[in-house]
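Take a look at the letters that make up each chain.
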Amino acid sequence: MFRKNGSKSFVYLTGGFFLLVLLSLIHLTQGQADYTVRELFTEAWVPGRIQDILLSFRLPRLVIGILAGGALAVSGAILQTLTNNPLASPGTLGINAGAFFFVVLSTIFFPSFLGGIPFVTALCGATLSSVMVIMLAGKQMEPVRVALTGMIIALLFASLTGSLQLLFENKTNGLFLWGSGTLIQLNWEGVQFAAPMILIAFIAALALSKSLDIYSLGEDIATSLGQNVRIIKLATWAVAILLAAVTVSVVGPIGFIGLMAPHIVRMLGVKGHLWIIFHSFLWGSVMLIGADVMGRFIQPGQEVPVGAMTALIGGPWLLYLAWKTAKTHHRGDRQMGGTLKPIKLPLVVITLSSIITIVFVLALSFNGVEWSLNWMKPAIWDFRVPRVITAFIVGVMLAITGVLLQGVLRNPLADASVLGVTSMGGAGAMLLLVMFPAIPVEYMPLGAIIGASLALAIILFTSWKSNFQPMLVALIGIAISAFGSAATQVFVVKAKLAVAAALVWLSGSTYAKGWDDVQLALILLGLFIGPAIYVTRSLDTLTFGDDVASGLGLSVRNARVGAMVIGVAISTAGVALVGTIGFVGLVAPHIARRLVGFRHLPLLVASGLIGGLLLVTADFIGRIVIVPKDIPSGLVVALIGTPYLLYLLKKMK
């Protein structure tokens, strides 16, 4: 048996090696300077143009790609064993995002000290992310929960990083591409730095392979066999974090390689961690070089982030893994939270309206520098007043979306941003810009509608059989969100948009909204508010469970589809108006549920007011913190909403 496995492993290793050689040859011939494979073989040995290009740019890029792909794959392989989680990888656990955030932070605030040693800062960020995942996911390390926690942590660090990039645009200039993961190398410095570190960590991983074989039998069995489980876990975490941190410090955060490569290796039937680590390194390299080759095929002469390419492939892969993993889990209780002693709605409305009035007065009167109560001045009436009103209406719309989606899915984590609807809406709008560059901006909502509808269709198709299991739906949504974000990055490069402008739009901004936008927002809200109120009775019935709801004469399936379509339509309208703003639809219903209880009509009213209040407040904070510049309100909301999401996750059982 051992000989048979060894022969099979050797065949796959040989096949992978030749595939890597083939991809490497294609990789070396790609770029602005054109030459053929034949010229590569004949002139690479002779001093001249091709040899200079090869040694200065293309060979360092190829080597760092092989090293980075291998390192990420090995990190993912040992993390999956360590957490007993098929969804674990440096990307899904938020390790890459944490490392990248710390690198950006040090580049801005300690450029001459820590900024010159990106590895140290990346290691700090990667370690912090890992500790957060371990603390929030709990000792049981339930697979879907671990992955979801990691992704939410990644969202938190991505929001913080985005804020820093906008606040310190000059200092972080050029980090947009690197932040998406790129193999660009201008010399051998990156390779010289990363190669010894990756080699040491790789040898350490091989040394741990036998212990990991025993550990994979279960902690109790491993302990009974005399293994010091705590030391093995600590050492494995250290090796995995080291590999991820080294990679991020050289090529930026690249996701999904660490997720996909170990799975492909296991699907090939490779067994034993010694062989799994060898194979993962090889196939991780193959995948990353293949993704880079594909990116340069899509956009010859321009740099498409390789991280975006891996996410385009990895998003569907994560979708498949989430669906497969969920089949092994039982349906859990779907506790929505909320108070058992609701406050009367009129009292809540009066209180919220008073707070909203105060925030409106502040937002209209203060510009970050001086106060003015003369709201009829052109500078205030033409710009600030419509901006604040638009923010309020969009906040109301996003909160209503959250109420509908959480109600229909009976999932406290359901929200247009967590479910990927917002992200795909943004990607759809960008795709329209790429395909029809001359199209008027007014038609962008069409692209957003197509993208959001696609996200909705995927959720319906993949979750129908599991009856919308909360964790599964959230995980599938995050996979869709990752895919949508990656697609957007590719489209940004393809459309040749200015980086700052693209970042602002993608972050969601109420900047420069006029009275036309107010008019459009009111029309859209008026169009959808009626159907949204109409479905609240069905949602109330659904809270008793599918069987009881059917017994009461409700068509459960029609009610779900109807409410979901309305929710997605309202969310899409919000994206079309101000870009991709998330978390309002998640946070507002939760706060409202703790005030007015479970019934959906009062919940809709209270959530709408809270959502409007949240977005107006976020817009106000974003407008005055770094005046005269703006922080997109979507980023401010994300900074508030992500910790709240982590809190909810911690509370969920």
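Residues numbered from 1 in each chain as written. Predicted model: local features only at pLDDT ≥ 70, side-chain atom pairs only at ≥ 80, totals over all residues. Heavy atoms only, no water.

(A) Summary view of the overall build of the protein chain. Secondary structure assignment for the protein chain yields 26 helices and zero strands. Burial analysis of the protein chain (653 residues in total) assigns 57% to the buried set. In the protein chain, the proportion of contacts linking residues at least 24 apart, taken out of those at least 6 apart, comes to 79%. About 27,800 Å² of surface is accessible on the protein chain, with carbon and sulfur atoms providing 70% of the total. (Helix = DSSP H or I, 4+ residues; strand = E, 2+ residues; numbered from the N terminus. Buried < 20%, exposed > 50% of the residue type's maximum accessible area, 1.4 Å probe, protein only. Contact = heavy atoms within 4.5 Å. Areas by Shrake-Rupley, 256 points an atom, 1.4 Å probe, with all protein chains shown as cover.)

(B) Spotlight on the packing of helix H4 (residues 95-109) against helix H5 (residues 118-137). Running from N to C, H4 and H5 point in directions that differ by 135 degrees, and their axes come no closer than 7 Å. Here H5 runs oblique to H4, going by the angle between their axes. Here the hand of the crossing between H4 and H5 comes out right-handed. In this structure, H4 contributes Ile 95, Gly 98, Ala 99, Phe 102, Val 103 and Ser 106 to the contact, and H5 contributes Pro 118, Thr 121, Ala 122, Cys 124, Gly 125, Ala 126, Leu 128, Ser 129 and Ser 130. When the residues that make up the contact of H4 with H5 are grouped by side-chain class, the tally is nine nonpolar, six polar and no charged. (Axes fitted to C-alpha atoms, helices over the stretch in contact; angles between N-to-C directions. Parallel < 35°, antiparallel > 145°, perpendicular 65-115°, else oblique. Left-handed = near helix turned anticlockwise from the far one by under 90°. Nonpolar A, V, L, I, M, F, W, Y, C, P; charged D, E, K, R; others polar.)

(C) Unusual backbone geometry, seen in detail. For Phe 256, which is not a glycine, the phi torsion comes out positive at approximately 75 degrees. Topologically, Phe 256 is positioned in the loop between helix H10 (229-251) and helix H11 (257-267). On the basis of relative accessibility, which here comes to 11%, the residue Phe 256 falls in the buried class.

(D) Representation of the packing of helix H8 (residues 189-215) against H10. Where H8 meets H10, the closest approach of the two axes is 9 Å, and the angle between their N-to-C directions is 155 degrees. Accordingly, the angle class assigned to the pair H8 and H10 is roughly antiparallel. Where H8 crosses over H10, the two elements pack in a sense that is left-handed. For the pair formed by H8 and H10, the contact residues are Gly 190, Phe 193, Ala 194, Met 197, Ile 198, Ala 201, Ala 204, Ala 205, Leu 208, Ser 211, Leu 212 and Tyr 215 on the first element and Val 229, Ile 232, Lys 233, Ala 235, Thr 236, Val 239, Leu 242, Leu 243, Val 246, Ser 249 and Val 250 on the second. Counted by class, the contact of H8 with H10 contains 18 nonpolar, four polar and one charged residues.

(E) Geometry of helix H14 (residues 345-365). In this model H14 runs 30 Å from its N-terminal to its C-terminal C-alpha over 21 residues, within 8% of the 30 Å that 1.5 Å per residue would give. All buried positions along H14 are accounted for by Val 348, Leu 352, Ile 356, Val 359, Ala 363, Leu 364 and Ser 365. Summarising the contacts, the buried residues of H14 are in contact with helix H15 (378-409), helix H24 (584-596) and helix H25 (600-624). (Expected span 1.5 Å × (residues − 1).)

(F) Fine view of the confidence of the model for the protein chain. A residue-level look at the protein chain finds 87% of positions with pLDDT of 70 or above and a mean pLDDT of 81. For the protein chain, the element scoring lowest by mean pLDDT is helix H19 (residues 499-507), at 58; H14 scores highest, at 93. (pLDDT = per-residue confidence, 0-100.)

(G) Local environment of a nonpolar patch on the surface. Side chains of Phe 17, Phe 18 and Val 21 sit close together on the surface and give an oily, nonpolar patch of about 300 Å² of accessible area. In this fold, Phe 17 is placed in helix H1 (residues 2-28). Judged by its relative accessible area of 47%, Phe 17 falls in the partly exposed class. (Patch = residues over 30% accessible without salt bridge, like charges linked within 9 Å, V, L, I, M, F, W, Y side chains within 5 Å. Salt bridge = Lys/Arg side-chain N within 4 Å of Asp/Glu carboxyl O.)

(H) How the structure looks around the side chain of Arg 296. Within the fold, Arg 296 resides in helix H12 (residues 273-298). Despite being buried, Arg 296 has no salt bridge partner; Asp 292 is the closest side chain of opposite charge, sitting 4.1 Å away. One polar contact links the side chain of Arg 296 to the main-chain carbonyl oxygen of Gln 30, over a distance of 3.3 Å. Excluding residues within four positions of it along the chain, Arg 296 makes contact with His 27, Gln 30, Gly 31 and Arg 61. (Lys, Arg positive; Asp, Glu negative; His and termini not counted. Polar contact = N/O pair within 3.5 Å; in protein donor to acceptor, adjacent residues only side chain to side chain.)

(I) Local environment of H5. When the terminal C-alpha atoms of H5 are compared, their 28 Å separation across 20 residues agrees well with the 28 Å that a helix rising 1.5 Å per residue should span. Regarding H5, the residues found buried are Phe 119, Thr 121, Ala 122, Gly 125, Ala 126, Ser 129, Ser 130, Met 132, Val 133, Leu 136 and Ala 137.

(J) Looking closely at the packing of aromatic side chains. Summed over all chains, the structure comprises nine aromatic pairs. Between Phe 101 and Phe 157 the ring centres are 5.5 Å apart and the planes differ by 35 degrees, which places this aromatic pair in the tilted class. Note that Phe 101 is positioned in helix H4 and Phe 157 in helix H6 (residues 143-167), a separation of 56 residues in sequence. Among the aromatic side chains, those forming a connected cluster through ring pairs are Phe 202, Trp 275, Phe 278 and Phe 281. (Phe/Tyr/Trp six-rings, centres within 6.5 Å; stacked < 30°, edge-to-face > 60°.)

(K) How the structure looks around the pattern of salt bridges. Tallying each qualifying case throughout the model produces three salt bridges. In this structure, the salt-bridge partner of Asp 292 is Arg 61, at a minimum N-O distance of 2.9 Å. Within this pair, whereas Asp 292 is found in helix H12, its partner Arg 61 is found in helix H3 (residues 49-83), the two being separated by 231 residues in sequence. Note on accessibility: Asp 292 and Arg 61 belong to one class, buried. The salt bridge involving Asp 619 is made with Arg 387; its shortest N-O contact spans 2.8 Å. Taken together, the positions of Asp 619 in helix H25 and Arg 387 in helix H15 put the pair 232 residues apart, joining distant regions of the chain. Of the two residues, Asp 619 and Arg 387, neither departs from the other in class, the shared state being buried.

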